[in-house]
Amino acid sequence: MVAVVFEWVQRFSSTRRGARLARRLAVLVLDEWGVPHDHDVSERVALIVAELAANAVTHGRVAGRDFELRVTAPEGVVRVAVSDAREDRLPVVRSDHGEDGGYGLHLIEALSDRWGTEPRSVGKTVWAEVARKEEGQRV
């Protein structure tokens, strides 16, 4: 069993504004944990949060339901998990891209060291992990 050293959880409105706020707060939390804004891990996490939150708002939105962002730091990684209320729309990496997007999960694959999905009692969680490669950081 892996002990979680740091954990931060917040719910956001399922709007573009909520997604933007999620990204900004995730970066602030990492800074409090000792990962500065301009660090590679912080930059990768910011992009991952932005994409997962945007997906939750765009594809996982259920009227009247928020999405949840959970950022944890078990030893050696920063884990981002975004949960929404739609269980019927699991993320799939598409080989075709339309004018309306389709690149998001390719970004998640490129930016994270691993990612996946988990079912919930209501909805689903999409998570991604970024390895910390530097020693001496608190997180």
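Note that the structure is predicted; figures quoted are calculated from it, not measured. (Residues numbered from 1 in each chain as written. Predicted model: local features only at pLDDT ≥ 70, side-chain atom pairs only at ≥ 80, totals over all residues. Heavy atoms only, no water.)

A. How the structure looks around the nonpolar core. Counting 30 residues, the largest nonpolar core has Val45, Ile48, Phe67, Leu69, Val71 and Val80 as its most contacted members. At the level of elements, β1 (4-12), α1 (16-32), α2 (40-58), β2 (67-74), β3 (77-84), α3 (104-111) and β5 (124-131) are the ones that each hand at least two residues to this core. Excluding anything up to four places from it in sequence, Val80 contacts Val45, Ile48, Val49, Leu52, Leu69, Arg70, Val126, Trp127 and Ala128. (Core = buried A, V, L, I, M, F, W, Y, C linked by side-chain atoms within 4.5 Å. Buried < 20%, exposed > 50% of the residue type's maximum accessible area, 1.4 Å probe, protein only. Helix = DSSP H or I, 4+ residues; strand = E, 2+ residues; numbered from the N terminus. Contact = heavy atoms within 4.5 Å.)

B. Spotlight on a positive patch on the surface. Together, Arg16, Arg17, Arg20 and Arg24 make up a region of like positive charge exposed at the surface. Relative to the elements of secondary structure, Arg17 occurs in helix α1. (Patch = residues over 30% accessible without salt bridge, like charges linked within 9 Å, V, L, I, M, F, W, Y side chains within 5 Å. Areas by Shrake-Rupley, 256 points an atom, 1.4 Å probe, with all protein chains shown as cover. Salt bridge = Lys/Arg side-chain N within 4 Å of Asp/Glu carboxyl O. Lys, Arg positive; Asp, Glu negative; His and termini not counted. Charge placed at Lys NZ, Arg CZ, Asp CG, Glu CD.)

C. Representation of the packing of aromatic side chains. One pass over the full model with this rule turns up three aromatic pairs. Measuring from centroid to centroid gives 6.4 Å for Trp8 and Phe12, while their planes differ by 55 degrees, and the two rings are tilted. Phe12 shares its class with Trp8; the two are buried. (Phe/Tyr/Trp six-rings, centres within 6.5 Å; stacked < 30°, edge-to-face > 60°.)

D. Representation of the packing of α1 against α2 within the structure. Where α1 contacts α2, the axes come no closer than 9 Å and their chain directions differ by 155 degrees. As judged from the angle between their axes, α1 and α2 are roughly antiparallel. By crossing handedness, the relation of α1 to α2 is classed as right-handed. Residue-level contacts link Arg16, Ala19, Ala22, Arg23, Ala26, Val27 and Leu30 of α1 to Ser42, Val45, Ala46, Val49, Ala50, Ala53, Ala54 and Val57 of α2. (Axes fitted to C-alpha atoms, helices over the stretch in contact; angles between N-to-C directions. Parallel < 35°, antiparallel > 145°, perpendicular 65-115°, else oblique. Left-handed = near helix turned anticlockwise from the far one by under 90°.)

E. Spatial organisation of the layout of surface pockets. In this model, the second largest pocket occupies a volume close to 170 Å³. If you list the elements that add at least two residues to the lining of the second largest pocket, you get α1 and α2. By residue class, the composition of the lining of the second largest pocket is four nonpolar, one polar and three charged. (1 Å grid on protein atoms, 1.4 Å probe; cavity = no way out; pocket = protein on both sides within 12 Å on 5 of 7 lines; lining within 4 Å. Points joined across faces, edges and corners; volume = space filled by probe spheres on them. Nonpolar A, V, L, I, M, F, W, Y, C, P; charged D, E, K, R; others polar.)

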